[in-house]
Structure formats: structure tokens, C-alpha cells
Amino acid sequence: MKITLLYFVLFFTTLGWSQTITGIVRDSKTNKPLPFASIEPNTGSGTITDYNGHFELEGQNTTTNIRVSYIGYAPMEVQITSDKTFYPISLEQATVELDEVILNSYVRSAEDIIRNAIAYKRNNNPEKILDSYSFKTYHKLLVTAPIDSINPAIDSIFVRDNGKLNFKELDSTNFNLQKQLLRSHLYISEKASSFKYTKNKGRQETVNAIRMAGFKEPIYEVLGLQFQSFSFYDPDYILLENEYINPLSSAGLKHYKYKILDVTKKGSSSAFMVYYSPKEHHPTQNLEGVLYINTTTFALQKAIAQTTGVFEVKATQTFSYYPNENIWFPHGKEIKIKKGDTPESLSFLGNRFELRKGQKDSTLVHSNPQNAEDLVYLISKEHNFEIALNEPIKIKRRGLAVTIEEDAYEKKEAFWKSFRTDTISPLGQETYVYMDSLVDQKKIEPRLNRTRKLLQGYYPTKYFDFDLRYLLKYNNYEAFRLGLGAITNTNFSNTIFLNGYAVYGTLDKKFKYSFGATTRLNKEYNTWLGVNYTDDLVESGSSKYITDKRTFYLFEPRLFNISSFYATKSTAVFLEHDFTSKFNSRIQFSKSFIDPTYNYAYLLDGESYDTYDLTEATWSFQWNPFSKYMQAPEEKRTLKDGFPQFTLQLSQSIPNVMDGDFNFTKINFKAFYVKRFLNKTRTEILFNSGLAFGDIPLTHLYHASPNQPDGSVIMDRFSVTGRESFETMFFDEFFSDRFIMGQIRHTLRPFKINNRIKPQLALITRSVIGDVSNIENHQGLNFGSLNKGYFESGVELNRILAGFGLSFFYRHGAYHLPTFDDNISFKFTYYFGSGF
């Protein structure tokens, strides 16, 4: 159980437990719960009920009474006694009029309030009205449970059989959980950050200190998680990395219904309490909550958002008023997460995440039916302080969303004491001691690091990591390609990395290999200098963008069917540099010897070349203007892929330099866009193009990524579907020296067949048009031109079982083949999602 709970917190990122007062507020006649009723104690801060009418007041040892109010009902005073912690409260309906001074000719309904709040957004949104701001944040996260609510009795479980009860086993889960909570919480972490914002460079967080119980170094994937939006003024609201339509938006007016609950007054300011919930015909936008909107400026003073599903989530954001700037600025955030009761799934870390509640066995009888694990919750609080508005601010690096100080996870207790806005109780301190011991005993940290590396395609050892991409592959030329790769890690050196691989083809019976080294010249701008030598095979007509990120697949789909390779012996020197965190580049100079593995010769000026030398200079630039990045102590990491993304690459083959035979130029451009919709569907648009001119052999033309193997009938061609390939285009059927390719893929939300099978349908169409000059110069291989335009369309039914699915594509247009079956592609698909 403890390991399960720890695993739970690792996928979320940052209150000590004290005596609580809980209860439920219902309608006295209907007994229905009243969501978002106001609970005001005579001391301390108040709260409101959740969507089920429940409320919880923490740290209320001095509270003697609470006032409960709800619009349309008579308020009630409830006396608090020391021997009682749970209070069922019933309110009676009554005619209650809101202050007529507040509701006037300009504001007659809740919708009018929302429309005014939307109209005044630009005047109230901090990032619209302010030129700059800065503040510090203390963030604390706990996983715990209300100890007073746990029945610690050991559960005796019996099996009912023909009217008799037969003893089965004892379950001490509740007893052990309460025992643990008397000693410590289940988990704790803290983070100290500084935020800066300017209009031209955006918002940047600097993590000054991080402490995660049990871990010597932070889990950077957790630091990158977005629990909730910075502001409720964004078009969409993010909760646990899921996007929802913001109730304070024009789209929200179409998707939510609103109701005025009350008008609250605090000092000289008053606020409308506006309850919002999804309209019945929009069930997917399932946020529900309350907005506190200032009655004068229509600024947001407080916001509450709740959602149910695999988790029950309640998020709260509070604002403080700054009179000099006449603005309400974010003051703090809180989010509480516990296990939900519904079978719905949640998208998290790039995957659908699901918890299944155990089915109750009617033959079992429990002496203690309570499952205390259902009481466990995660609560995260952030408090902003030292807030400075419209003061001169410098942000060092444009485009970085998060930077982490070198010694962030080594800060001493003296630093934490100066930064904390909330004390750590003895229970919290003991949690660090307990979790440090548990994680060390169970060797959780090295196991977690190993798992992370495996999902990235590495198997770690002390000084180097094995590269799993080279273990086993298959293609039509080499058959099975067996090998091993490795790269040194930071235990070997923080600045110099050695890498290499060696493979062997079982059909061609040849060894191939590569080795190289890179050194970091500048960490701030991610500048690397590298050199490598490669003796291997490359697919003819392929065109790789050298700034593309490293990818790892359990197997590469297109590789299975490829047979046209050229052997290359290449030496390359390269320099990588980030102009900004969102605009990176790579410059490469290479010398290569090319030897096609098939019968081919290139004719130039009356001379035939069946092997040749190329000397090339390549410049590649990658621009991801909407992606978010984090600068960790060791490397730059991607927090979130934003779209569109653009890549431009220029290559020049230089004749008569280092024995270069040809003079040609290649210009490649790629754009990729993904739009994720709130109904869990997704549309992807890919544009790829290339232009080559000069003396260019077939090996360096463009092949448009075909993926149809030879075969006279459909099932003879049954193989694996590629990612961005033309499934009905045969290998070596077309080559081009200029082309434009486009693809549109629309993926629908998964549909449920049963609890295990939830496939996902994707609709895909692709097209490419191109041409080739001087086709007569290419001898030995017959191929065609794409000057009439090539089209195919089809469907994929993915993740039917264990990541496997099926695809069907049809070839149409000018290159439709006379035999109907030859236009059809029927294959299997495989998609594996790791979430890292």
C-alpha cells in the first residue's frame, strides 16, 4: 500500500494535519445536498460546500459556532462542541432577496455578471494590464488522510456459503494506515520559487529550492506538471493538465449555466458568488464551481473549480487587492485530489489514466466494511508573497518557462525557514525521516531512474547507458539486425560524452558501427561541439532533419519493408546552439563515401558514377514558438510541446573539396500542427517539402516515404503501418528532386467495448506532388515522377489490444492502379505510450 501511495504522488507535484470540522448541508424537504453553501465560523477562515454538499474546516480548535447560508434558504447558526466532528445540517427554503443596490438595471442575472466580467477582462487580467510583476511562492504538498475518520478495527472477512459464514482472512489495512498516520503523513514535498513577468518575455519561474521526501534529487517530470492555470482569465482552464472551457469566457456562456448564490462583503469590497455548472447537452465540459466577482470592477476575487471522474478534484484560487494599480492579483492556490467514484478516465502525462474500483463480492461479509484507503487525499498549497507590480525586471533567458538553480535540492533548513509561509509540523518533519528511510530501504530512487531511462530507450549502468535502439531490428536487406549501443553518463563526465554502437546483419553478414564524442561548451545556451564516424547503411531517398529530437520505438514500422540502402562511411563535425530556448540550430560539416547496395549508376558529363564521395555542409533550424522548456542543472527539458512547430534545413554539397564529386543544394521545410479539442479528439496537420537542384544522385533525392511492400494479393502485403508514410505507395516507385506533401489526421476519442478494450479511431488523408529533372541520368533503377499528384486516404483503429490495432488505406487519384487490390493497404498498427 505504501509503495502504491508513493507511486501516486510521483505523478503529481507540492497544511499540516490538524483537527477538522466536517459536515453536509442538505435541503430539509428534499434531502438533496446543497452545493457551494457558505460556511462561516466565528473564528478563522470560512469555506463552502462541494458539489455533494460536504464541507471541511481545518484547524478549528477555537471555533464555537458556524453560520451556514445559501441563496433561497434561511441561514442557520450551528453550535460546535468538542465531542463532535461531523455535522449534518438541513436548511429550510425561504424567500431571500439580494441587495437591490447590487442588482440594478445593468445587472439583472448571473449571465449579466459573467458578461460584464468578460467585458472587463482586459482591465482585470494581470498579464494584460501590468507591464511587469514579480513574486515568491512557497509550495507544499501532502498525501495524508483524516485520522479521526478511520475505523482502526481489524477486518474479519467471512465467506457466505449455504447460509453459513466461513472465516477467510484478516485485513489490517485500516489499523496499519492509522498507525502510520499517528507517526507521519504518507508523503510530503516542498518547493520555493521566484516568478518574474514582463510583457515582451512572458512569465518565468526560478526554482530556488526543492525537497521531495525520499529523493536525493528532484523528479523533474513532476516539477513540470501543471496542476492548475496561473489565472482564471485564460481562454481555457487547466486542471491536472486537462483543458476545460473557462466559465469566465465567451465560450463558457454557451457551455455553462450560472446562478447567483449570494453577495459577500469583506471590508469595503463586495463580491457576487456565482455558481456555474455544465449545461446538460455539454457533458464533457464538466467543471463546476463558484466565481467571486467584484460588484464594482467585475474583477475575480476568488475562484473554485471542481471535477469528478477517476479523481475528485477541487481547485481554489484567491486574489488580493492592490489599490495603487487597482487590480486583484493572484495570492494563493490550493488543490485537493482524492479517488473518485466514477469509471471515467483522465488524460494525464500524455496517456489515459484510469482507476477501477473493486467489484464488491456479495458472498463476502466484513466485520469492518470501511476501506480507509478511500480517505487518502493529496493536497497542494501555494502562497505568493513579496509581490511587486510594475517595477523594473530583467529576465535572463527568453522562452524558458522554468529554470532550476544548481543547488536547489541541496538547500539547508536555514533557507527553508526563511522562505516558508507555513510551518512544518512535527508530523511533517517525521514524514521526511520516514520516507527517506523507506525509499532507501526499497531502493525506489534507483528503480525509478532505471524505469525512466528504459522508457527513453536506455538501460543505465554506473558510468554508461546502453542504447536499446540497436538491440534488434529487421529489414529486407539485412534481415535481423543485431547490435548494442552505449553512451557515457554524468557519472563519467558532466561535460564530455562518448557514444557508439556496433550491429550485425544476419542476411548481408556485415558489421556496421559508429563512434563519436560531444562536449558542452555553454550550458546556458545549450551549446555542444561533436564529432562522429559512421560505417553503416542509410535508406536511399530518405531525408533526415538533423535538429529532430531523439526518438525511441520498440520497433520502427517502415524499417521492416525497406530493401534499398546505400552503404556510407562518413565523418562529421557539428555544432549545436540555442539562440533562444525555442529556437535551436545545428551546423554540420561531413565527408562521406557512398556505395549503393543495388544496381545503380549516376551519369554526369558523360561519366558514370556507381560509387562517389560527397562533401556536405548542413544548416538546420528548429523553431517551436509555443513549446515550454525547463532548464534543469544537467540539461534543457521539454515541459510541453506547443504547436505549430517549424523546421528549416539547408544542405550544400561542395565539389572538389576533400574529393567531393557533386555540386547540389537541398532546401527542406517542415511544419507540424496539433489541435487538441476539449471533447478529447485531436487533429494533426503535417506539411513537408523539399527542393533539390544541381548534380544530385538518386541516393539523395526524395522518396516521399513509401511503405507498401511487394505482393500480388492484399494479405501478402500485410505488415506494420508507419507514422507519416504512404501506405499504398510501393518502395522505389517514385523519386523526386522537389515535392510538397501534406497529411491530415483526425483522432477520435476512445470508445469502450469492455473494460480492457477501448480502441481509438483515426481518419487520415495524405497527398504529395513532385517532379524530377534529368531522370535519364539515373541508371539501373526504374522509377516514376509524382507530377500528377498522389493521394491516399484511410482509417486506423488503434490500441485494440495491448497497443496493437489495424489500418486500412486506399490509393486514389491520378496514380490509381488498374487492379483494384493493388490500391489497398491492410496492415497492423502499434502505438506505445510511456507518459515520459
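These figures come from a predicted structure and were not determined experimentally.

## Points about the overall build of the protein chain
A count of helices and strands for the protein chain gives 10 helices and 50 strands. The C-alpha atoms of the protein chain give a radius of gyration of 31 Å, which matches the 28 Å a tight globule of 836 residues would have. Taking the average location of the 96 positive side-chain charges in the protein chain and that of its 91 negative ones, the two points are 4 Å from each other.

## Focus: the pattern of salt bridges
Under the definition given, this model contains 41 salt bridges. A salt bridge links lysine 523 to glutamate 406; its shortest N-O distance comes to 1.7 Å. Of the two residues, lysine 523 is situated in the loop between strand 31 (511-522) and strand 32 (527-539) and glutamate 406 in the loop between strand 25 (400-404) and helix 8 (413-419); the sequence distance between them amounts to 117 residues. Lysine 512 is paired through a salt bridge with aspartate 508; the nearest N and O atoms lie 2.6 Å apart. For the pair lysine 512 and aspartate 508, one class covers both residues: buried.

## A word on the side chain of serine 651
By the element assignment, serine 651 lies in strand 40 (residues 645-653). Residue classification places serine 651 among the buried residues on the basis of a relative accessible area of 9%.

## Notes on the sheet that holds strand 7 (residues 86-91)
Ordered by their spatial adjacency, three strands build an open sheet running 4-1-7, and the pairing between neighbours is mixed. Edge positions in the open sheet fall to strand 4 (54-58) and strand 7, since each of these has one partner strand only. Ignoring which end each strand starts from, the neighbouring axes of this sheet average 25° apart. Pairing of strand 1 (residues 20-27) with strand 4, which is carried by five bridges, proceeds in the antiparallel orientation. Bridge pairing links threonine 20 to glutamate 58 in strand 4.

## Observations concerning the nonpolar core
Soluble globular proteins tend to bury their nonpolar side chains together. By size, the foremost hydrophobic cluster in this structure holds 83 residues, and its most contacted members are Leu291, Ile293, Leu300 and Ile404. Ignoring sequence-local partners within four residues, the contact set of isoleucine 404 consists of Val207, Tyr220, Leu223, Met630, Gln631, Ala632 and Pro633. If you look at the next biggest cluster of nonpolar residues, it comprises 31 residues, including Tyr566, Ile594, Phe662 and Ala704.

## Comments concerning the packing of aromatic side chains
Any pair of aromatic rings gets described here by the distance separating the centres and the angle formed by the planes. The tally for this structure, following the rule as stated, stands at 48 aromatic pairs. Between tyrosine 256 and tyrosine 276, the ring centres sit 5.6 Å apart and the planes meet at 90°, which makes this aromatic pair edge-to-face. Within this pair, whereas tyrosine 256 is found in strand 15 (residues 256-266), its partner tyrosine 276 is found in strand 16 (residues 269-278), the two being separated by 20 residues in sequence. Accessibility classification places tyrosine 256 together with tyrosine 276 in one group, the buried group. Measuring from centroid to centroid gives 5.7 Å for tyrosine 810 and phenylalanine 820, while their planes differ by 40°, and the two rings are tilted. Taken together, the positions of tyrosine 810 in strand 49 (residues 804-812) and phenylalanine 820 in the loop between strand 49 and strand 50 (824-830) put the pair 10 residues apart, joining distant regions of the chain. On the basis of relative accessibility, which here comes to 25%, the residue tyrosine 810 falls in the partly exposed class. Assessed through its relative accessible area of 49%, phenylalanine 820 is described here as partly exposed. Of note, lysine 680 hangs over the ring of tyrosine 244, and the distance from its end group to the ring centre comes to 6.0 Å.

## Considering the sheet that holds strand 3 (residues 47-48)
What links the strands of a sheet is backbone hydrogen bonding, and the strands pair in either a parallel or an antiparallel sense. One open sheet holds the four strands; their spatial order is 3-2-5-6, and the pairing between them is antiparallel. On the outer flanks of this sheet lie strand 3 and strand 6 (76-79), each paired with one strand and no other.

## Re the packing of helix 5 (residues 173-183) against helix 9 (residues 426-442)
Packing of helix 5 against helix 9 leaves a shortest axis separation of 8 Å and a crossing angle of 110°. Taken as axis vectors, helix 5 and helix 9 run roughly perpendicular relative to one another. Judged by residue contacts, Gln180, Leu181, Leu182 and Arg183 of helix 5 engage Leu427, Glu430 and Tyr434 from helix 9. Considering only residue class, the contact of helix 5 with helix 9 consists of four nonpolar, one polar and two charged.

## A word on the side chain of glutamate 205
Within the secondary structure layout, glutamate 205 lies in strand 12 (residues 202-212). A polar contact of 2.6 Å, which involves the side chain of glutamate 205, links it to the side chain of serine 193. Among residues more than four places away in sequence, those in contact with glutamate 205 are Lys191, Ser193, Ser194, Phe195, Ala401, Val402 and Thr403.

## Considering helix 5
Of all the positions in helix 5, only Asn174, Leu177, Gln178, Gln180 and Leu181 are classed as buried. All buried residues of helix 5 fall inside an arc of 160° around its axis, so they share one side. Helix 5 presents Lys179 and Leu182 as exposed residues on the side facing more than 90 degrees away from its buried surface.

## A word on helix 2 (residues 110-119)
For helix 2, the set of buried residues is Ala110, Ile113, Ile114, Asn116, Ala117 and Ile118. Buried residues along helix 2 sit against helix 3 (121-124), helix 7 (250-255), strand 15, strand 16 and strand 17 (288-294).

## Brief notes about the pairing of strand 14 (residues 242-245)
When strand 13 (residues 236-239) meets strand 14, the two strands line up antiparallel, connected through four bridges. For tyrosine 237, the partnering residue across the bridge sits in strand 14 and is tyrosine 244. Connecting strand 13 to the next strand, strand 14, in antiparallel fashion are two residues, including leucine 240 with a positive phi near 55°.

## What about the environment of asparagine 668?
Here asparagine 668 lies in strand 41 (residues 664-676). With a relative accessible area of 5%, asparagine 668 lands in the buried category. With 22 residues separating them along the chain, asparagine 668 and glycine 690 place their C-alpha atoms 4.4 Å apart. Reaching out from asparagine 668, the side chain makes a polar contact with the side chain of tyrosine 702 at a distance of 2.6 Å.

## Section: unusual backbone geometry
Proline 644 follows phenylalanine 643 through a cis peptide bond whose omega is 5°. By secondary structure assignment, the location of proline 644 is in the loop between strand 39 (636-640) and strand 40. With phi around 60°, asparagine 656 is a residue other than glycine that occupies positive phi space. Mapped onto the secondary structure, asparagine 656 falls in the loop between strand 40 and strand 41. Since its relative accessible area comes to 71%, asparagine 656 is described here as exposed.

## A look at the pairing of strand 15
Where strand 15 meets strand 16, 10 bridges bridge the pair, whose relative direction is antiparallel. Following the sheet pairing, isoleucine 260 is matched in strand 16 by valine 274. Here strand 15 hands over to strand 16 after two residues, with glycine 267 in that stretch at a positive phi of 65°.

## A word on the environment of tyrosine 790
Looking at the element boundaries, tyrosine 790 is found in strand 48 (residues 790-801). Spatially, the C-alpha atom of tyrosine 790 lies 65 Å from that of serine 270, the residues being 520 residues apart in sequence. Filtering out sequence-adjacent residues up to four positions away, tyrosine 790 remains in contact with Phe726, Thr728, Met729, Phe734, Arg766, Ser767, Val768, Arg811 and Tyr815. In terms of polar contacts, tyrosine 790 uses its side chain to reach the side chain of threonine 728, at 2.8 Å.

## So, a nonpolar patch on the surface
On the surface, a nonpolar cluster with roughly 930 Å² of combined accessible area is contributed by Leu521, Leu529, Val531, Val573, Leu575, Ile587, Trp619, Leu648, Leu650, Ile667, Leu691 and Phe693. For the nonpolar patch, the elements supplying multiple residues, two or more each, are strand 32, strand 33 (565-580), strand 40 and strand 42 (682-694). Within the secondary structure, leucine 529 is located in strand 32. Note on leucine 529: relative accessible area 35%, which makes it partly exposed.

## Some details on the environment of threonine 665
Tracing the chain through its elements places threonine 665 in strand 41. Residue threonine 665 is classed as buried on the basis of its relative accessible area, which comes to 17%. Considered as a pair, threonine 665 and glycine 694 are 29 residues apart in the sequence and their alpha carbons are 6.4 Å apart. Contacts of threonine 665, omitting those with residues within four sequence positions, involve Ser651, Gln652, Leu691, Ala692 and Phe693. For threonine 665, the side chain forms a polar contact with the side chain of glutamine 652, separated by 2.5 Å.

Cut-offs applied
- Residues numbered from 1 in each chain as written.
- Predicted model: local features only at pLDDT ≥ 70, side-chain atom pairs only at ≥ 80, totals over all residues.
- Heavy atoms only, no water.
- Helix = DSSP H or I, 4+ residues; strand = E, 2+ residues; numbered from the N terminus.
- Rg over C-alpha atoms; globule rule 2.2 N^0.38 Å.
- Lys, Arg positive; Asp, Glu negative; His and termini not counted.
- Charge placed at Lys NZ, Arg CZ, Asp CG, Glu CD.
- Salt bridge = Lys/Arg side-chain N within 4 Å of Asp/Glu carboxyl O.
- Buried < 20%, exposed > 50% of the residue type's maximum accessible area, 1.4 Å probe, protein only.
- Pairing = 2+ DSSP bridges.
- Axes fitted to C-alpha atoms, helices over the stretch in contact; angles between N-to-C directions.
- Core = buried A, V, L, I, M, F, W, Y, C linked by side-chain atoms within 4.5 Å.
- Contact = heavy atoms within 4.5 Å.
- Phe/Tyr/Trp six-rings, centres within 6.5 Å; stacked < 30°, edge-to-face > 60°.
- Lys NZ or Arg CZ within 6 Å of the ring centre and 35° of its normal.
- Parallel < 35°, antiparallel > 145°, perpendicular 65-115°, else oblique.
- Nonpolar A, V, L, I, M, F, W, Y, C, P; charged D, E, K, R; others polar.
- Polar contact = N/O pair within 3.5 Å; in protein donor to acceptor, adjacent residues only side chain to side chain.
- Arc of directions from axis to C-beta.
- Patch = residues over 30% accessible without salt bridge, like charges linked within 9 Å, V, L, I, M, F, W, Y side chains within 5 Å.
- Areas by Shrake-Rupley, 256 points an atom, 1.4 Å probe, with all protein chains shown as cover.

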